[in-house]
Amino acid sequence: TQDGKFKIKYPADWFLIKDEEILKATAPKKWQEKYDFRTLLLAQRFQTEKFAQLIISEGSFDIMIEEIVEEMKKINQDQGWEVEIVKSDIEKKEGVFEARYLIPNSPALYSKEKISSGEKAGEKTETYLIAFVTLEKNWPEFSEQADFILDSSQIVQ
């Protein structure tokens, strides 16, 4: 981030989307108002018939990480998507989970996501959401890269 509070490593050959309107459109309106939620980075990787996306967002949350995940599921379900949490490791200040997204008339998506909160988890604090998303059929090829990117993320206090 420009303020230096959050750092992450990702491949330099990914296509960055810098258009403010597109970044704003990727953040749920309800969260923009309620949690001052905004998308900080949107990067995409295109290979022959393969696609991956990295979305990094920030918000000021006053709820625990488990509740953030539940709200995320609800937002997607409200759009008609079916969400299945495949793996989950949620702690007080950090949570990592994998999810399948079934979208009507579209190929299934698979993601590995990380939520990191600052010092006061459960109180109003800066929280970062990192989502690595790809087509489910391509997940085996991208899983190591997703692990590297998510593991590289850090909040700088």
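Quick note: structure is the one above.
Residues numbered from 1 in each chain as written. Predicted model: local features only at pLDDT ≥ 70, side-chain atom pairs only at ≥ 80, totals over all residues. Heavy atoms only, no water.

Side chains of a nonpolar character, in soluble globular proteins, are inclined to be buried together. Residues Trp 31, Phe 37, Phe 61, Ile 68, Met 72, Ile 115 and Leu 129 are the most contacted members of the largest nonpolar core, which totals 21 residues. For this core, the secondary-structure elements that each account for two or more residues are helix H2 (29-35), helix H3 (65-78), strand E6 (94-102), strand E7 (109-117) and strand E8 (125-135). If near-sequence neighbours (up to four positions away) are discounted, Phe 37 is found in contact with Ala 27, Pro 28, Trp 31, Gln 32, Ser 57, Glu 58, Gly 59, Phe 61 and Leu 129. Ranked by size, the runner-up nonpolar core spans 16 residues in total, among them Trp 14, Leu 41, Tyr 110 and Ile 130. (Core = buried A, V, L, I, M, F, W, Y, C linked by side-chain atoms within 4.5 Å. Buried < 20%, exposed > 50% of the residue type's maximum accessible area, 1.4 Å probe, protein only. Helix = DSSP H or I, 4+ residues; strand = E, 2+ residues; numbered from the N terminus. Contact = heavy atoms within 4.5 Å.)

The next point concerns the side chain of Ser 152. With respect to the helices and strands, the residue Ser 152 is situated in helix H4 (residues 139-152). With relative accessibility at 16%, the residue Ser 152 sits in the buried group. Only 2.8 Å separates the side chain of Ser 152 from the backbone nitrogen of Lys 9, close enough to count as a polar contact. When near neighbours in sequence (up to four residues on either side) are disregarded, Ser 152 contacts Lys 7, Ile 8 and Lys 9. (Polar contact = N/O pair within 3.5 Å; in protein donor to acceptor, adjacent residues only side chain to side chain.)

Residue placement: Lys 87 occurs in strand E5 (residues 82-90). Sequence separation between Lys 87 and Arg 100 is 13 residues, and the spatial gap between their C-alpha atoms is 10.0 Å. Not counting residues up to four positions away in its chain, the partners in contact with Lys 87 are Val 96, Phe 97 and Glu 98.

Turning our eyes to something else, we now look at H4. Taking 1.5 Å as the rise per residue, H4 with 14 residues should run 20 Å; its terminal C-alpha atoms sit 19 Å apart, in good agreement. Of all the bends in H4, the greatest, near 25 degrees, is centred on Gln 145. Burial in H4 covers these residues: Trp 139, Phe 142, Ser 143, Ala 146, Ile 149, Leu 150 and Ser 152. (Expected span 1.5 Å × (residues − 1). Bend = angle between axes of the 7 residues up to and from the residue.)

This part covers H3. The terminal C-alpha atoms of H3, which comprises 14 residues, lie 20 Å apart, in line with the 20 Å expected from a rise of 1.5 Å per residue. For H3, every residue scored as buried is listed here: Ile 65, Ile 68, Val 69, Met 72, Lys 73 and Asn 76. When H3 is viewed along its axis, its buried side chains cluster within an angular range of 140 degrees and face the same direction. Tucked inside the fold, the buried residues of H3 contact H2, strand E4 (50-61), E5, E6, E7 and E8. Positive backbone phi, at 95 degrees, marks Gly 80, one or two positions downstream of H3. (Arc of directions from axis to C-beta.)

Spatial relationships are all this shows, so hold off on functional conclusions.
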